[in-house]
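As a plain string of letters, each chain reads:
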Amino acid sequence: MLDAPEIVLGIETSCDETAAAVLKNGRELLSNIIASQVDIHAEFGGIVPEIASRKHVEAIDFVVKRALKEAGITLEKVSGIAVTQGPGLVGSLVVGLSYAKACAFSSEKPITGVNHIHAHLMACFLPNGQIPRFPFVGLVVSGGHTSLYRVDDYFHVELLGATRDDAAGEAFDKVAKILGLPYPGGPIISRLAEKGRRDAFSFPRAWLPETPYDFSFSGLKTAVLQTVGKLTSAGQKIPVEDVCASFEEAVVEVLTEKTIKAAVAQEVGWVVAAGGVASNLRLRHALREACMEKGLGFVVPPPVFCTDNAAMVALAGFHQLSQNMLLAPDADVYSRIVA
Ligand code: KG4
Ligand code: ZN
């Protein structure tokens, strides 16, 4: 075991947030800057990769400098740099990786490449009261991923199952589009769902008994599309709040039931939720209740650590740097999950 790095600078550019954070001793968050591009992509109804990478180029230098300034340090005081290497949009990842490499090279600091999904799983260790104990089952639900993991420690993360088609966040975004609601769909759908009836429509749940930890949301999305199509052709008004509530209930029920099933089968004591969709209040509530019923501990980070951020990257990087897991100078980004 090597000396733990005292100060880690985290950099995240995998999707549509340019983010940088400074973490002290793996516990104390000195700064956490997030520049979201969501308003720009909202005009197009979803993320436009080419625009995302250009916006990262424009923002990265400012965001990193701001994170250092807010932390009251300079690059020279940083012990190591952690950067998201993948998975994500290649053009976006390249911006963060190149910038981080340049910082590391010019300041002669060690640098480590972080798996974005692992970083989401590690967000539960960011300063926020309760932390889980290993081993735990982690549900990562974001715009690009819906996966269940068994997490034995900071480095041993085993995939139990994943989505076969749309990610949960993607389903929220697509259903929002069907209903004429703005991107990103998650926050607006969950707001409207609060006023709707959750049993108004019986949308399908894909249980996939052969592979119980896998997910599928494309059938659900199609069912919403057909329902809206039928109502429209019949000249009826779309009960948007009821559709949102019934759709959200179907997603939450599947995510909760499969997560608890995995936790029980894996004989772990804790469940962790992470990723943008984990900021959904209904999902947080359902998971908490279900865990309590089974005597499982449950941790979900506050919403700001659920959606993309660099604090989680710094935290995952802190542990990697402690183990001297360094990025090769010629290391490239990766678009898909490699572990
Ligand atoms: O983790 P994240 O910020 O970015 C990715 O790595 O994808 O997740 C973004 C996704 C979007 O699809 C968005 O619609 C969804 O998270 N999301 C939500 C909520 N807030 C964000 N989904 C459901 N309910 C929410 N409150
Ligand atoms: Zn993410």
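Please read these numbers as outputs of a predicted model, since none were measured by experiment.

Moving on, we get to the pattern of salt bridges. Applying the stated criterion across every chain yields a total of 15 salt bridges. The residue Glu 249 makes a salt bridge to Arg 198 at a minimum N-O spacing of 3.2 Å. Residue Glu 249 is located in helix H8 (residues 240-265), and its partner Arg 198 is located in the loop between helix H6 (185-193) and helix H7 (218-233); the two are separated by 51 residues in the primary sequence. One salt bridge connects Arg 205 with Glu 253, and the closest N-O pair in it is separated by 3.0 Å. You can see Arg 205 sitting in the loop between H6 and H7 and its partner Glu 253 sitting in helix H8, a full 48 residues away along the chain. Look at Glu 253 and you get partly exposed, because its relative accessible area is 31%. Here the residues in one salt-bridge network are Asp 166, Glu 170, Lys 174 and Lys 221, joined through shared partners.

Split by domain assignment, the protein chain resolves into domain 1 (7-122 + 306-322) and domain 2 (133-300). Distance between the C-alpha centres of domain 1 and domain 2: 27 Å. Listed as interface residues are 17 residues of domain 1 and, on the opposing side, 21 residues of domain 2. Across the contact surface, domain 1 and domain 2 share zero salt bridges. Across the domain 1-domain 2 interface, the total number found is two residue pairs in polar contact (both at pLDDT 80 or more). Breaking the side of domain 1 that touches domain 2 down by element, the ones donating at least two residues are helix H1 (38-42), helix H4 (116-122) and helix H11 (311-322). Counting residues per element, the side of domain 1 that touches domain 2 draws most heavily on H4, at five residues. Its residues assigned to classes, the side of domain 1 that touches domain 2 shows eight nonpolar, eight polar and one charged.

Turning our eyes to something else, we now look at the environment of Gly 229. With respect to the helices and strands, the residue Gly 229 is situated in helix H7. A relative accessible area of 31% means that Gly 229 is categorised as partly exposed. Residues Gly 229 and Ala 171, spaced 58 residues apart in sequence, show a C-alpha to C-alpha distance of 17 Å.

Bringing the pairing of strand E1 (residues 7-12) into the picture now. Taken across its six residues, E1 has six buried, putting it largely inside the fold. Of the two faces of E1, both are covered, the one formed by Ile 7, Leu 9 and Ile 11 as well as the one formed by Val 8, Gly 10 and Glu 12. By the bridge criterion, six bridges tie E1 to strand E2 (residues 17-24) in an arrangement that is antiparallel. Its bridge partner lying in E2, Ile 7 is registered against Lys 24. The turn joining E1 and E2, which pair antiparallel and follow one another in sequence, is formed by four residues.

How each quantity is defined
- Residues numbered from 1 in each chain as written.
- Chains lettered and ligands numbered in written order.
- Predicted model: local features only at pLDDT ≥ 70, side-chain atom pairs only at ≥ 80, totals over all residues.
- Heavy atoms only, no water.
- Salt bridge = Lys/Arg side-chain N within 4 Å of Asp/Glu carboxyl O.
- Helix = DSSP H or I, 4+ residues; strand = E, 2+ residues; numbered from the N terminus.
- Buried < 20%, exposed > 50% of the residue type's maximum accessible area, 1.4 Å probe, protein only.
- Domains from an automatic or database assignment.
- Contact = heavy atoms within 4.5 Å.
- Polar contact = N/O pair within 3.5 Å; in protein donor to acceptor, adjacent residues only side chain to side chain.
- Nonpolar A, V, L, I, M, F, W, Y, C, P; charged D, E, K, R; others polar.
- Pairing = 2+ DSSP bridges.

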